[in-house]
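Here are the chains, one letter per residue:
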Amino acid sequence: MSEFDHREFEETGMAEEFEDFLEVKEEEKSGENAADNDCAITETAARREKEEESGKEEQGKEEPGEEKESEYEDVCFICRRPESKTGKMFKLPNNISVCNDCMHKTMDTVSQFDYQGMLGNPFMDANRPGKGFPNIRFVNISDLQGEGGIPNKQKVKKKKAGEKTAPVLDIKNIPAPHKIKAQLDDYVIGQEHAKKVISVAVYNHYKRVATGTMDEIEIEKSNMLMIGPTGSGKTYLVKTLARLLDVPPAITHATSLTEAGYIGDDIESVVSKLLAAADNDVEKAERGIIFIDEIDKIAKKKNTTNRDVSGESVQQGMLRLLEGADVEVPVGANSKNAMVPLTTINTRNILFICGGAFPDLEEIIKQRLRKQTSIGFSAELKDKFDHDHDILSKVTIEDLKKFGMIPEFLGRMPIIYTLQELNEEMLVRVLKEPRNAILKQYEQLLAMDEVKLEFSDGALEAIAKKALEKDTGARALRAIIEELMLDIMYEIPKDDTIGKVTITGDYVRGCGGPVIEMRGSEK
């Protein structure tokens, strides 16, 4: 309000009322301003709370991402060396990593060319019709799909810094030999001596791994050489043992191994398979078990003038693995090449078990035993050992040398034991006694169709006799039962009235049929 209006109020005697009116107005304005300030403060506080909540949510979302950091080491896209050997790497788009050495070499190579001059040259313009170099362009990194172009199976797990790795086995938790054998008895029939030997050897080996050294005395490895006819349970024994001990097993075959530089699997591939079984965890793999089957196939070739790349050379290459050394192993591949990353594994605490049937070894043993015969009344007949089914138990180091195994290889196998050939009684037990026996498997199959399956004692004996004739050990049992059960398993789903099937000896021998009972006639 202007000064003229104020003067007019004074002349009329209403100045005091006018001042009171102004004071009221100022109080109202100040109240409105205070209310506005309170609202502004409230809005600002609410906005800050929302921002803090959103920030916490984003932080909560990011934290799991940080925890999900890759557990595998980065591998150089060019030289395929892991991060543990190259150090810090350069990160490129699409998770491609390049080590410091390769990046410097690449930049040095690139700096030697005048790319600006090449791009500015009109004769290099590929858009001109009929000009330029056809189908040539610079590499687009976005075209390289995947985790850096290298799958996880070719990457090694990171070793967490500052974290002490717990031992795989505690000395107090290692099962005693008699407990190991008792568990093997549930799966493997017979072979009492072999199960006792392997139980003691495994027990001593893992005591050595768990304790390191005792009184500054280093305990040497207890590698084993297992000899037994086909179908006697060599592979099955090792598979069961690895499952009971809960350690990473690797079961390989020596038939595909060749000397380095030749077509075939490198010798170090047996360790790379153990690394894959341990999920690329080097520390876990260094305490595993490797079973090399068909070891007799790398024996020295006789009467040959060519280089023995799959025989004696493989034995010589395996000496370092058996003894215990730092070995360069291809990750996720069976041979070393420029496109496969390598890692170092110490085989000092890896238990090697080699097994083979060693055909013709029996004849070598017989020849040695026949030389001990003499002339006269006390002389032994030459055919005395022809019907000896346990002839392999008399094997010696000299017999194995004559077979074709080199002395250095045998010297690194301090434990040599044999498995017995399965007889009729053992085959009958194999059919019904193990925890996952063959008969139990077929009983379970027919139980799904609500049919009960039984085998008479005569049928079991007839099946065992047939298996002996095939001379392939326990492997023949499944082939015989598959042939017997073919028609039965084909007919049962068609007839819902069948309640029980009994396999008899006459049916196995081919002079009768199975006994079939209907559901209503069951007692």
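Preceding block: the structure.
This section reports on the structure supplied with the text. (Residues numbered from 1 in each chain as written. Predicted model: local features only at pLDDT ≥ 70, side-chain atom pairs only at ≥ 80, totals over all residues. Heavy atoms only, no water.)

**Considering helix H8 (residues 234-245)**
Okay, step 1: With 12 residues, H8 extends 17 Å between its outermost C-alpha atoms, agreeing within 8% with the 16 Å of an ideal straight helix rising 1.5 Å per residue.
Okay, step 2: All buried positions along H8 are accounted for by Lys234, Thr235, Leu237, Val238, Thr240, Leu241, Ala242 and Leu245.
Okay, step 3: Those residues of H8 hidden inside the fold are in contact with helix H6 (177-185), helix H7 (192-211), strand S5 (224-227), strand S6 (249-253), strand S7 (289-293) and strand S10 (351-356). (Helix = DSSP H or I, 4+ residues; strand = E, 2+ residues; numbered from the N terminus. Expected span 1.5 Å × (residues − 1). Buried < 20%, exposed > 50% of the residue type's maximum accessible area, 1.4 Å probe, protein only. Contact = heavy atoms within 4.5 Å.)

**Thoughts on the pairing of S7**
Okay, step 1: When you tally the buried positions in S7, you get five out of five residues, the bulk of the element.
Okay, step 2: Where burial is concerned, the two faces of S7 agree: the one with Ile289, Phe291 and Asp293 and the one with Ile290 and Ile292 are both buried.
Okay, step 3: Alignment of S6 against S7, held across five bridges, turns out to be parallel. When the bridges of S7 are listed, Ala250 appears paired with Ile290.
Okay, step 4: Two strands pair when backbone bridges link them, and S7 and S10 are joined in this way by four bridges, in the parallel orientation. (Pairing = 2+ DSSP bridges.)

**Description of the sheet that holds strand S14 (residues 515-518)**
Backbone hydrogen bonds hold the strands of a sheet together, and the pairing may be parallel or antiparallel.
Okay, step 1: Pairing is mixed in the open sheet, where three strands are placed in the order S12-S13-S14. Each end of this open sheet is capped by a strand with a single partner; those strands are strand S12 (452-455) and S14. Neighbour-to-neighbour, the strand axes of the sheet open up by a mean angle of 15°, direction not taken into account.
Okay, step 2: Here four bridges tie strand S13 (residues 498-503) to S14, and the two strands are oriented antiparallel to one another. (Axes fitted to C-alpha atoms, helices over the stretch in contact; angles between N-to-C directions.)

**A closer look at the packing of helix H15 (residues 424-432) against helix H17 (residues 457-470)**
Okay, step 1: Packing of H15 against H17 leaves a shortest axis separation of 9 Å and a crossing angle of 120°. In terms of orientation, H15 lies oblique with respect to H17. Regarding H15 and H17, the two cross each other, and that crossing is right-handed. Along the contact surface, H15 presents Glu424, Leu427, Val428, Leu431 and Lys432, while H17 presents Leu460, Glu461, Ile463, Ala464, Lys465, Ala467 and Leu468. (Parallel < 35°, antiparallel > 145°, perpendicular 65-115°, else oblique. Left-handed = near helix turned anticlockwise from the far one by under 90°.)

**Section: the environment of Gly190**
Okay, step 1: For Gly190, the position within the fold is in the loop between H6 and H7.
Okay, step 2: Distance from Gly190 to Glu425, taken between C-alpha atoms, is 9.9 Å for residues 235 residues apart in sequence.
Okay, step 3: Residues contacting Gly190, with those up to four places away along its chain left out, are Lys195 and Met426.

**Looking at the nonpolar core**
Okay, step 1: Counting 45 residues, the largest nonpolar core has Leu225, Ile290, Ile295, Phe358, Leu361 and Phe409 as the members making the most contacts within it.
Okay, step 2: Of all the elements, helix H11 (residues 312-323) adds the most residues to this core, at five residues.
Okay, step 3: Formed by 33 residues, the second largest nonpolar core is a distinct cluster that contains Ile438, Ile463, Ala464 and Tyr507. (Core = buried A, V, L, I, M, F, W, Y, C linked by side-chain atoms within 4.5 Å.)

**A word on the environment of Lys402**
Okay, step 1: Its location among the elements puts Lys402 in helix H13 (residues 397-403).
Okay, step 2: Separated by 103 residues in the primary sequence, Lys402 and Ala299 place their C-alpha atoms 9.8 Å from one another.
Okay, step 3: Apart from the residues lying within four places of it in its own chain, the contact partners of Lys402 are Lys302, Ile364 and Gln367.

**Quick look at unusual backbone geometry**
Negative phi values dominate among residues other than glycine, just as trans dominates among peptide bonds.
Okay, step 1: Positive phi values are uncommon outside glycine, yet Asn280 reaches one of about 60°.
Okay, step 2: For Asn280, the position within the fold is in the loop between helix H9 (269-277) and helix H10 (282-285).
Okay, step 3: Overall, the relative accessible area of 6% leaves Asn280 in the buried class.
Okay, step 4: In this model, Asp360 sits at a positive phi of 70°, which is unusual for a non-glycine residue.
Okay, step 5: Here Asp360 shows up in the loop between S10 and helix H12 (361-370).
Okay, step 6: The exposure class assigned to Asp360 is exposed, which follows from its relative accessible area of 59%.

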